[in-house]
Protein chains: 2
Amino acid sequence: MVAPTVTDRTTLRRRRDRGVHESAVIDAVLDEGLMCHVGFTAGGSPFVVPMAFARVGDDLYLHGAAANRTLRALAAGAEACVTVTLLDGLVLARAAFHHSMNYRSVMLFGRASRVVDEEEQLLASAALLDHMAPGRSADARPPAPAELRSTLILRFPIAEASAKVRTGPPVDDPGDLTLPTWAGVVPVGLVAGTPVDDPDLLAGTPVPGYAADHPRRPR
Amino acid sequence: MVAPTVTDRTTLRRRRDRGVHESAVIDAVLDEGLMCHVGFTAGGSPFVVPMAFARVGDDLYLHGAAANRTLRALAAGAEACVTVTLLDGLVLARAAFHHSMNYRSVMLFGRASRVVDEEEQLLASAALLDHMAPGRSADARPPAPAELRSTLILRFPIAEASAKVRTGPPVDDPGDLTLPTWAGVVPVGLVAGTPVDDPDLLAGTPVPGYAADHPRRPR
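A brief look at the structure comes next. (Residues numbered from 1 in each chain as written. Chains lettered and ligands numbered in written order. Predicted model: local features only at pLDDT ≥ 70, side-chain atom pairs only at ≥ 80, totals over all residues.)

1. Things to note about the overall build of chain A
For clarity, the threshold we go by: Helix and strand definitions here come from DSSP, where helices need a minimum of 4 consecutive H or I residues and strands a minimum of 2 consecutive E residues; each element is numbered from the N-terminal end. Put simply, a residue is buried when 20 or more other C-beta atoms lie within 10 Å of its own C-beta and exposed when 12 or fewer do; between those, it is partly exposed, and each C-beta is set from the backbone. It is the C-beta atoms, placed from the backbone, that decide contacts: two residues are in contact if theirs lie within 7 Å.
When you go through chain A residue by residue, the secondary structure sums to five helices and twelve strands. Projecting the C-alpha coordinates of chain A onto the three principal axes gives extents of approximately 65 × 50 × 35 Å. The 219 residues of chain A split such that 44% are buried. The contacts of chain A with a sequence gap of at least 6 include a subset with a gap of at least 24, amounting to 73%.

What follows is the structure in C-alpha cells.
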C-alpha cells in the first residue's frame, strides 16, 4: 500500500521510539486484530464502540445493522478514530514504576464512506467472514438483496495512520538490578479453542478446517 | 457498588436484549480486561488510545507519564468514554449475514480527576500491578517520590456505565437450517504463556506463582 500520511495526530509526541509509520507493520496489526474500537463524537460526547472489521488493500470495512447508531454517525460523515490493539505481554519490572505492557496498536484517523455498490458490498461481506476464519466466505450462504439493504457497510481509509509497538523485557533502573525480585515478561495472546457445534447442526456435518484448525489454535 | 446510572448515552437504542446495567456484570468485565480504550476529543478530533487500568471499588485508575497527552487531556477535564472489550467467540452462522462475535463489553462515560494524595497514588499503583498479576505489588519496589511526581494517575468514576454481552450459538433464519454448512462458535480468549526471565535477572531468582501460574494460564 501507499505509505500512510504522517500528520500531527499520528506523530507521537513522546516515545518516538515506539512510533511506527511503516505500512507492513500497520497492515500486520490490522490483519491480526479481530476487533477494532471506533471512536467518534456525537452530541458533544465521545463514544468508543467495539466492532468487527476486515482490511482489503488500503481500506477497512465495517458493517452492522442499518439502524446501528455508530455506523449511522460514521456514514453521516463524523470524523472517526479507529484503533486496533494486540496485547502481547505483561512486563513485570523490579520497580512498580517500570511495569508495562507489550503490545502492538494501530490508530487510523479519517471519515468513512457508505458502500452502495453491490459488488463491493459482497466483497466486503466476504472479507469480513474470511477475517474471522480464512475461507469461511466460500461456505456461507451469501447475503440476499434484502439482507444487504438492511446492512450498513462502511469503507474507512487506511491513510492517516500510525502504529505503536512495545516489545522486549522490562527496563529497570540500573540501581534496581540487584534486587532479589523476579522480573520478566508473561506472554499473552488470543487463542482459539475447540469449535462448538450449533445445537441445530445437521447430524454428520464435519467441522471445517478453518474452525477446527483455526489460525489462532495453539501450535 | 451503587447501581450505575442509566442515561441516554448508556441506553442501547437497538438490541436491548444485549444491554446490561448490572454492577456485577460491569465489574466482572472490568476486572477481567487488561486494557481499556480511552476515547476523547482534542482539537476537534476523536482519539482512541489503549491504556492499562485497574478497578478499585467504584473507580478505575489510569496512569502514565506526566507528559502523556491522553492523560493530560483527561486531567484537564476532557469528557471521556472508556471501553473495555473481551472477545469470547467467533460466531459462524450458515448465512453470511448472521455471522457475529461473542463478547462482553463495558462503556463508561465521565471525566477523570487527577490523584494527588500520595496514599491514594500508592493504592492505585498497587492496584495496577495486582490487576496485571495478582500479588505483584507485594514484590515490586514501591514508587519513589520522584517517580510519583513524574507519573500522572487519574481516577475515573464507574458511574454512567453500560455493558453489552452476546453469548451463545449463531441465530440463523429457519429456512437456512437445512443447509449442509457447518455452523457454531469458535471460542477465543486471552491466554498467558510461559514467563520469560529478564536477561539481567539474578541467577537463581524463582518465578513467582502469579507469573508461572498466572490466572490466564490454560487449566
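Don't stop here, the text continues.
2. Regarding the environment of Tyr-61 of chain A
Residue and element names in this part refer to chain A. Structurally, Tyr-61 can be placed in strand β5 (residues 59–65). Look at Tyr-61 and you get buried, because 24 C-beta atoms sit within 10 Å. For the pair Tyr-61 and Val-115, spaced 54 residues apart in the sequence, the C-alpha separation amounts to 9.0 Å. Leaving out residues up to four positions away in the same chain, Tyr-61 has contacts with Phe-53, Ala-54, Val-56, Ala-124, Ala-127, Leu-128, Ile-153, Leu-154 and Arg-155.

3. Examining the relation of the copies chain A and chain B
We count it as follows: Least squares is the method for superposing the copies, and the C-alpha atoms it fits come from residues with pLDDT of at least 70 in both.
Between chain A and chain B, which share one sequence, the superposing operator has a rotation angle of 180 degrees and an axial displacement of 0.0 Å; the RMSD is 0.0 Å. Classification of the inter-copy transformation places it as that of a two-fold axis. Minimal C-alpha distance to the rotation axis in chain A is attained by Leu-190 of chain A, lying at 2.2 Å. The residues that chain A uses at the interface reappear at the interface of chain B in 100% of cases, marking a shared surface.

4. Quick word on helix α3 (residues 118–132) of chain B
Going by this rule: Take the residue count of a helix, subtract one, and multiply by 1.5 Å to get its expected span.
Across its 15 residues, α3 of chain B extends 22 Å between first and last C-alpha, which sits within 8% of the 21 Å expected from 1.5 Å per residue. Tucked inside the fold, the buried residues of α3 of chain B contact β6 (79–92) of chain A together with β3 (45–52), β4 (54–56), β5 (59–65), α4 (145–149) and β9 (151–157) of chain B.

5. Some thoughts on the interface of chain A and chain B
Rules: Gly counts as polar in this scheme, as do all residues outside two lists: the nonpolar Ala, Val, Leu, Ile, Met, Phe, Trp, Tyr, Cys and Pro, and the charged Asp, Glu, Lys and Arg. A pair of strands is treated as paired once DSSP finds two or more bridges between them.
Of the residues lining the interface, 84 residues belong to chain A; the matching set on chain B comes to 84 residues. The set of elements that each furnish at least two residues to the side of chain A that touches chain B consists of β2 (35–42), β3 (45–52), β6, β7 (100–111), α3 (118–132), β11 (184–192) and β12 (196–197) of chain A. Within the side of chain A that touches chain B, the residues separate by chemical class into 51 nonpolar, 18 polar and 15 charged. Of the strand pairs in this sheet, β11 of chain A and strand β12 (residues 196–197) of chain B are connected by two bridges, and their pairing is antiparallel. Paired with Gly-184 of chain A across the two strands is Asp-197 of chain B, which belongs to β12 of chain B.

6. Remarks on the environment of Val-165 of chain B
Residues and elements named next belong to chain B. Here Val-165 lies in strand β10 (residues 160–166). Using a count of 17 C-beta atoms within 10 Å as the deciding quantity, one classes Val-165 as partly exposed. Sequence separation between Val-165 and Val-29 is 136 residues, and the spatial gap between their C-alpha atoms is 10.0 Å.

7. Points about helix α1 (residues 23–32) of chain A
Residues and elements named next belong to chain A. The criterion, for reference: The arc in question is the one spanned by the directions pointing from the helix axis to the C-beta atoms.
Of the residues making up α1, those classed as buried are Ile-26, Val-29 and Leu-30. One side of α1 carries all its buried residues, which in axial view fall inside an arc of 95 degrees. Within α1, the exposed residues directed more than 90 degrees away from the buried face are Ala-24 and Asp-31. Residues of α1 that are buried sit in contact with β4 (54–56), β5, β6, β7 and β10 (160–166).

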